[in-house]
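Spelled out, the chains give:
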Amino acid sequence: MHIREQLQKIREKVNETKEEFKKLTHDLLEQVSQSKDEVSKVLAGLFSQAVAPNEGELQRARARKERGNPPGKKSDPLGDELSWEQILSQCQDKPRLWIITKDSDYGTEHEGKIFLNAALYQELARLYQSEPAVFCFDNIADGLKHFADTTGAKAEKLPTPEETEQIKKEQESLPPLGWLTNYDDSAPIAIQSAYRMRDSTLLRVALGSQVISEEVFPPSAAKEADKDGT
């Protein structure tokens, strides 16, 4: 009887925890859906200055998709293709380019280094009429640090080495991008981890509850500080 009572208490505690998790997740998602969470407020300022695509970029993006040229997939909306066309437009007067993405359409990872897709590299070479300086990263922390170290741009609020390592670990723990489109309740690990940390950024990614439109390309945060990169 003693064991049964203990098991019953454990079941009750588990049910209570589940209910609490549901309520807390609901509260946070409500903030995210209304753009009242901290992340949405910060992004609002950034994307208020986003550059909308022009007609030429739209036409080139559609042609890229029809030809099946990278980046992008046939089943996806006109997003990656348009983003790349905007990158080409924006970086014409930039001798160096930094790309931070976990999308395999843009590059391949090998032994910790990201190599830009060969077709995209050739497009940049034709644009620059020389060998382009392209730096690819699959996490924000390393990309920003490399940009600051290379250009000398001021980056007073870069994460500490300890924070950088923690960010990288959290990014690596996230499921692959394709997982979002096939999400079900059998894979709640990423969601639980995000909420346990009270991290609305990770929770947003895990649930895919709010998608930032790919129809715009945000201006470089360092545009005014350094005009050598984008």
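This text follows the structure it describes.
So, how was this worked out
Residues numbered from 1 in each chain as written. Predicted model: local features only at pLDDT ≥ 70, side-chain atom pairs only at ≥ 80, totals over all residues. Heavy atoms only, no water. Buried < 20%, exposed > 50% of the residue type's maximum accessible area, 1.4 Å probe, protein only. Helix = DSSP H or I, 4+ residues; strand = E, 2+ residues; numbered from the N terminus. Contact = heavy atoms within 4.5 Å. Polar contact = N/O pair within 3.5 Å; in protein donor to acceptor, adjacent residues only side chain to side chain. Patch = residues over 30% accessible without salt bridge, like charges linked within 9 Å, V, L, I, M, F, W, Y side chains within 5 Å. Areas by Shrake-Rupley, 256 points an atom, 1.4 Å probe, with all protein chains shown as cover. Salt bridge = Lys/Arg side-chain N within 4 Å of Asp/Glu carboxyl O. Pairing = 2+ DSSP bridges. Phe/Tyr/Trp six-rings, centres within 6.5 Å; stacked < 30°, edge-to-face > 60°. Lys NZ or Arg CZ within 6 Å of the ring centre and 35° of its normal.

A. Region of interest: helix α5 (residues 118-128). Listed as buried for α5 are Leu-120, Glu-123, Leu-124, Ala-125 and Tyr-128. Residues of α5 that are buried make contact with α3 (55-67), α4 (80-90), β1 (96-100), β3 (113-116) and β4 (133-137). With a side-chain oxygen positioned 2.8 Å from the backbone nitrogen of Ala-119, the residue opening α5 is Asn-117. Immediately beyond the C-terminal end of α5, within one or two residues, lies Gln-129, with a positive phi of roughly 60 degrees.

B. Examining a nonpolar patch on the surface more closely. A surface patch of nonpolar side chains, about 370 Å² in accessible area, is lined by Ile-3, Leu-7, Ile-10 and Val-14. Positionally, Leu-7 belongs in helix α1 (residues 2-33).

C. The pairing of β3, seen in detail. Because side chains alternate across β3, one face comprises the buried residues Ile-114 and Leu-116, and the other comprises Lys-113 and Phe-115, none of which is buried. In this sheet, β3 lies alongside strand β2 (residues 107-110) in antiparallel orientation, the contact comprising 4 bridges. What sits directly across from Thr-108, in β3, is Phe-115.

D. Summary view of the packing of aromatic side chains. Inspection of every chain in the model, using the stated rule, returns 3 aromatic pairs. Ring centres 4.8 Å apart and planes at 35 degrees place the aromatic pair Trp-98 and Phe-135 in the tilted group. Pair noted here: Trp-98 is in strand β1 and Phe-135 is in strand β4, with a separation of 37 residues, a long-range link. Owing to a relative accessible area of 10%, Trp-98 belongs among the buried residues under this scheme. The exposure class assigned to Phe-135 is partly exposed, which follows from its relative accessible area of 23%. Among the aromatic residues, those joined into a ring-pair cluster are Trp-98, Phe-135 and Phe-147. Geometry around Phe-115 places Lys-113 over its ring, the cationic atom sitting 5.6 Å from the centre.

Function cannot be read off these values alone, since they describe shape.
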